[in-house]
Amino acid sequence: MNTLTVELAERSYPILIGPGLLDHADVVGAHVPPGAVLLVSNTTVAPLYAGALKRALPGRTIVEAILPDGESYKTLDSLARILDVAVANRLARDSTVVALGGGVVGDLAGFAAACYQRGVDFVQIPTTLLAQVDSSVGGKTGVNHPGGKNLIGAFHQPVAVIADTNTLATLPARELRAGLAEIIKYGLIHDAAFFDWLEVNVDRVLAGNADALTHAIRRSCEIKAEIVGRDERERGDRALLNLGHTFGHAIEAATGYGTWLHGEAVAAGMLMAAAMSRECGYLGESDVARLRALLHRVGLPIAAPDVTPQTALEHMKIDKKVKAGRMRFVLLKRIGAALVTAEYPAEALQTTLTGYFG
Ligand SMILES: NC(=O)c1ccc[n+]([C@@H]2O[C@H](COP(=O)([O-])OP(=O)(O)OC[C@H]3O[C@@H](n4cnc5c(N)ncnc54)[C@H](O)[C@@H]3O)[C@@H](O)[C@H]2O)c1
Ligand SMILES: [Zn+2]
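Anyway, here's the lowdown on the structure attached to this text.

About the criteria used
- Residues numbered from 1 in each chain as written.
- Chains lettered and ligands numbered in written order.
- Predicted model: local features only at pLDDT ≥ 70, side-chain atom pairs only at ≥ 80, totals over all residues.
- Heavy atoms only, no water.
- Buried < 20%, exposed > 50% of the residue type's maximum accessible area, 1.4 Å probe, protein only.
- Helix = DSSP H or I, 4+ residues; strand = E, 2+ residues; numbered from the N terminus.
- Arc of directions from axis to C-beta.
- Contact = heavy atoms within 4.5 Å.
- Near = heavy atom within 4 Å.
- Polar contact = N/O pair within 3.5 Å; in protein donor to acceptor, adjacent residues only side chain to side chain.
- Areas by Shrake-Rupley, 256 points an atom, 1.4 Å probe, with all protein chains shown as cover.
- Nonpolar A, V, L, I, M, F, W, Y, C, P; charged D, E, K, R; others polar.
- Pairing = 2+ DSSP bridges.
- Axes fitted to C-alpha atoms, helices over the stretch in contact; angles between N-to-C directions.

**Comments concerning helix α12 (residues 309–318)**
Part 1: Within α12 the residues assigned to the buried category are Pro 309, Ala 312, Leu 313 and Met 316. Take α12 and look down its axis: the buried residues cluster within an arc of 100°, on one side only.
Part 2: Buried residues belonging to α12 abut α9 (245–255), β10 (329–334) and α13 (346–356).

**Here we look at the side chain of Ser 277**
Part 1: With respect to the secondary-structure elements, Ser 277 resides in helix α10 (residues 262–279).
Part 2: Ignoring sequence-local partners within four residues, the contact set of Ser 277 consists of Tyr 282, Leu 283, Leu 331 and Leu 332.

**A few points about the site of ligand 1**
Part 1: Near ligand 1 lie 26 residues; those nearest to it are Asp 69, Glu 71, Thr 127, Thr 128 and Thr 170.
Part 2: Between ligand 1 and Lys 74, the relevant distance is 2.8 Å, taken from an oxygen atom to a side-chain nitrogen or oxygen of the residue.
Part 3: Side-chain polar atom of Thr 128 to an oxygen atom of ligand 1: 2.7 Å apart, as the coordinates give it.
Part 4: Coverage of ligand 1 by the protein amounts to 87% of the 870 Å² it exposes when considered alone.
Part 5: Elements that contribute at least two residues to the shell around ligand 1 include exactly α2 (46–55), α4 (103–115), α5 (129–135) and β8 (148–155).
Part 6: Per-class residue counts for the shell around ligand 1 are 7 nonpolar, 10 polar and 9 charged.

**So, the sheet that holds strand β2 (residues 13–18)**
Part 1: Across the sheet, which stays open at both edges, the 7 strands sit in the order β1-β2-β9-β6-β5-β3-β4 with mixed pairing between neighbours. Of all the strands in the sheet, the pair left with one neighbour each is β1 (2–6) and β4 (62–67). Sheet twist, expressed as the average angle between the axes of neighbouring strands with direction ignored, equals 15°.
Part 2: Bridge analysis of strand β5 (residues 96–101) against strand β6 (residues 121–126) gives 6 bridges, and the strand direction is parallel. Paired with Leu 100 across the two strands is Ile 125, which belongs to β6.
Part 3: Against the sheet, α2 touches β3 (37–42), β4, β5 and β6, its axis set at about 160° to β3.
Part 4: Contacts from α4 reach β3, β4, β5 and β6 within the one sheet, and its direction differs from that of β5 by about 170°.

And the structure:
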């Protein structure tokens, strides 16, 4: 088992990573605070893993909120359902909300934990690769609104993250590939040696090799933990984690959410950010080619969907990260180093958009 810590003073917490953690009652029991448990999961994940989780928490009061599966259920209605279960069972202030599932379940459960009695403890048990390397770490929680994704939410850090890599064995291959996009992102923004390692080991990760998966997840969590530790509320460096996301969100929105998985859109978006970095004179073409080759090997998209540059630009402008009309981008100085900037030649963006969008 690998353990690392997200350093946030009194809100610091451990991330545990390894195969079979859910089968270890000592590990799970030690990290789910005493008191009642509100288990939040969905109809896909609960039948697979809720039994193991309950066996790891013998003698504890456990009540359940099992939601339908899907991003379309990441809503205020689902939040209300979770809170209704908490109230109906008169859960006390010392109860813990445990999220068992992917990012949708984690974001919802975390927001419920932030709201119930103005905040109760929260444990993340992420079961998708994306959730294990990204959404379970950092304390962003929330729901979607018809007016936009993740518009309503709170910062609420978990007290522990337990990432059992064995759960990835049942994850659809397409979801595993999508999670790899965020892993590649960490190499690009922060660690050239990790990017090199991925070029050598990505096939082992995709094949589910436990050592390779654990290393990839651990290094990703370390990088996210370091960035979140410096800038919990995204006033500065945390924005680096949005590499490829402005282009990616435009792809998701323009194609209709759910057509492309988030990680797929981020993959194409990162390639566009790399191309724009090259247009700005930061990145060499050989590095753009390395990224393209790695994404291609993973089976992630390296081309944009059939959307006009104008439509893509309109979606980018309504992205919530746009400040005061000037679009900011995360660009790559080189592989392993990124910057957030609103200073770039207009042609660099235009050339990138026309180069990728129909
Ligand atoms: N809070 C954050 O910092 C943050 C960061 C990134 C993404 N997110 C959010 O995360 C969500 C996406 O998360 P996701 O990619 O995990 O999607 P998801 O939660 O929808 O999970 C993907 C699919 O895999 C299924 N699944 C989960 N674990 C499984 C397993 N072990 N075996 C079989 N099937 C399994 C789910 O039921 C679902 O159908 C989005 O809502 C996004 O906004 C949040
Ligand atoms: Zn993302």
